[in-house]
Amino acid sequence: MNTLLQRIKSERLYFDGGLGTMLQAKGLAGGEAPEDWNLSHPQEVMDVHRQYLEAGCDIITTNTFGINRSKQQNWRELIEAAMDIAKKAVSGFEGRYIAFDIGPTGRLMAPLGDLDFEEAVAIYSDNIRLAARLGADLIIIETMNDCHETKAAVIAAKESCKLPVIVSNAYDRQGKLMTGASVAAMVAILEGLRVDAFGLNCSFGPDVALEIVDEFAAVSSTPIIAMPNAGLPRVENGSTVYDVSAEEFSEYMVSLAKKGVSILGGCCGTTPEFIKKTIEKTKDIPVKPISQKHLTVVSSYTHAVRIDDQPILIGERINPTGKPRLKEALRSENMGYIIGEAAAQADAGAHILDVNVGLPEIDEVKMLKSTVVAVQSVTDLPLQLDTANPAALEQALRIYNGKPLINSVNGEPESMAKVFPLARKYGGAIIALTMDKQGIPTTAQGRVDIAKRIIETAKEYGIDSCDIIVDPLCLTV
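So, here is what we can say about the structure in this document. (Residues numbered from 1 in each chain as written. Predicted model: local features only at pLDDT ≥ 70, side-chain atom pairs only at ≥ 80, totals over all residues. Heavy atoms only, no water.)

Counted at 1.5 Å a residue, the expected span for helix α6 (residues 117-133) with its 17 residues is 24 Å, and the 24 Å between its end C-alpha atoms agrees. Buried residues of α6: F117, A120, V121, I123, Y124, S125, N127, I128, L130 and A131, and no others. Its buried side turned inward, α6 meets α5 (75-90), β3 (97-102), β4 (138-144), α7 (147-160) and α15 (390-399). Where α6 begins, the capping side chain belongs to D116, and its oxygen is found 3.0 Å from the backbone nitrogen of E118. Directly beyond the C-terminal end of α6, a positive phi value near 105 degrees is found at G135. (Helix = DSSP H or I, 4+ residues; strand = E, 2+ residues; numbered from the N terminus. Expected span 1.5 Å × (residues − 1). Buried < 20%, exposed > 50% of the residue type's maximum accessible area, 1.4 Å probe, protein only. Contact = heavy atoms within 4.5 Å. Polar contact = N/O pair within 3.5 Å; in protein donor to acceptor, adjacent residues only side chain to side chain.)

Structure follows, in structure tokens:
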């Protein structure tokens, strides 16, 4: 295991603070891109890195937050300069790391905006491949306010490098992202994508972070990161100031550490003094062991649905079996009819919607992907992706905005070999059918044996038993 990854899972680590805040103090003008200083003022950027390192932080973030090829023609040059500055800054400091910093593209994801999912993945992949080649130690995806763009960045990181990946989203006072995702939904998505640590940054001060961290601690089985602002900004005499002092900030960070946050840092307004005081006051607070919650959860882009001791209703009207009108709608790609069925089931109280477009005469790969996008445009219910076509399943899993239910896998090795790698990569709870080549066993024990086989095989793929939902295939008497 990567040494840094071991530390992320077991130690208290410290990020730096507000890089932009420090550059503004050095003369960065309003409206001027901080990333341009990698070329025009490299010594000033390096000095900020070194100040945070001298304050005691373990990880510095590169000055790359706003860099991507849809913004800057010279994005490669800017990243190369940022990595060079960071590497020079950490030289001479033992056991310190460089986090390649990724922020939002600045564009809205489709259908709200013009940024296609795969375009977002490609933009982030270009940055990450270059950073990994230049020697980054980990990837931090931060200040994300949309779960779909977050997912695109995570997939890009996972497909472009083998470095640890940390995600930090920007939540409002209600614990929601700008596009509506709750903490529980983000935990489901990010744990499904196998992120190494996640949490929150920016937005508000450490007082709000304290409230939101409780939600993380209740459902997360992954290390938590908190990098709040130094309170809310205001302008005094033409300068931006914040309403929380370094002393106050560090006291809040003590509370965050005691609540189970193992990775601490700062965002806007936090200077090296904030980080130094935080380290002094929290370094001896024991790190809480990560507790495995073993929750069976699926999510949409707004909320999570826990499959536990209460009945969960799955609407199955979007399934062509025995439905001639739906068959015709699929053949003619009549999305109006399909989304009407989705909306009606949501209105009727369904918790999850099944999506099955399996007809021999249509392109199931294309149609399942299109249907998932269309249905998610009219309802925020989690979806059950229902297909026996591995290619269709992968495309739907990739584009799905949330953590879906996957229908299904059975006891055949071929079935598990097709489904489990996809569930491992993209996340999802899986319906396990207690049947194999011999069909459905006639005894209860026969079905239990198949269920055990599926659960054990899932473990070999790194899939926890909480993500396996066994369907014993009850027959009529």
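Resuming the write-up.
What follows covers helix α17 (residues 444-460). Between its first and last C-alpha, α17 extends 25 Å over 17 residues, near the 24 Å set by a 1.5 Å rise per residue. Buried within α17 are the following residues: G446, R447, I450, A451, I454, T457 and A458. Summarising the axial view, the buried residues of α17 lie within an arc of 140 degrees, below the 170-degree limit, and thus occupy one face. The outward face of α17, more than 90 degrees from its buried face, is lined by the exposed residues A444, K452 and E460. Immediately beyond the C-terminal end of α17, within one or two residues, lies G462, with a positive phi of roughly 80 degrees. (Arc of directions from axis to C-beta.)

Next up on the list: the environment of A156. One can find A156 in helix α7. With relative accessibility at 0%, the residue A156 sits in the buried group. The spacing of A156 and I128 is 28 residues in sequence and 7.5 Å in space, taken between C-alpha atoms. Excluding residues that lie within four positions of it along the chain, A156 makes contacts with V121, Y124, S125 and I128.

Another point: the nonpolar core. The biggest cluster of nonpolar side chains holds 128 residues, and the ones touching the most others in it are I141, F216, L256, F420 and I430. Residues contacting F420, with those up to four places away along its chain left out, are V409, I430, I454, T457, A458, Y461, I463 and I468. Membership of the second largest hydrophobic core comes to 15 residues, among which are I8, F15, Y97 and A197. (Core = buried A, V, L, I, M, F, W, Y, C linked by side-chain atoms within 4.5 Å.)

On to the pattern of salt bridges. Scanning the model with the defined rule gives 24 salt bridges in all. Linking D58 and R7 is a salt bridge whose minimum nitrogen-to-oxygen distance equals 3.8 Å. Of this pair, D58 sits in the loop between α4 (42-55) and β2 (59-61) while R7 sits in helix α1 (residues 3-10), and the two are 51 residues apart along the sequence. We classify D58 as buried; its relative accessible area is 11%. With a closest N to O distance of 3.0 Å, E119 and R107 form a salt bridge. Residue E119 is found in helix α6, and its partner R107 is found in the loop between β3 and α6; the two are separated by 12 residues along the sequence. Using a relative accessible area of 28% as the deciding quantity, one classes E119 as partly exposed. Each of E247, E251, E273, K277 and K281 takes part in salt bridges that share partners, so that together they form one network. (Salt bridge = Lys/Arg side-chain N within 4 Å of Asp/Glu carboxyl O.)

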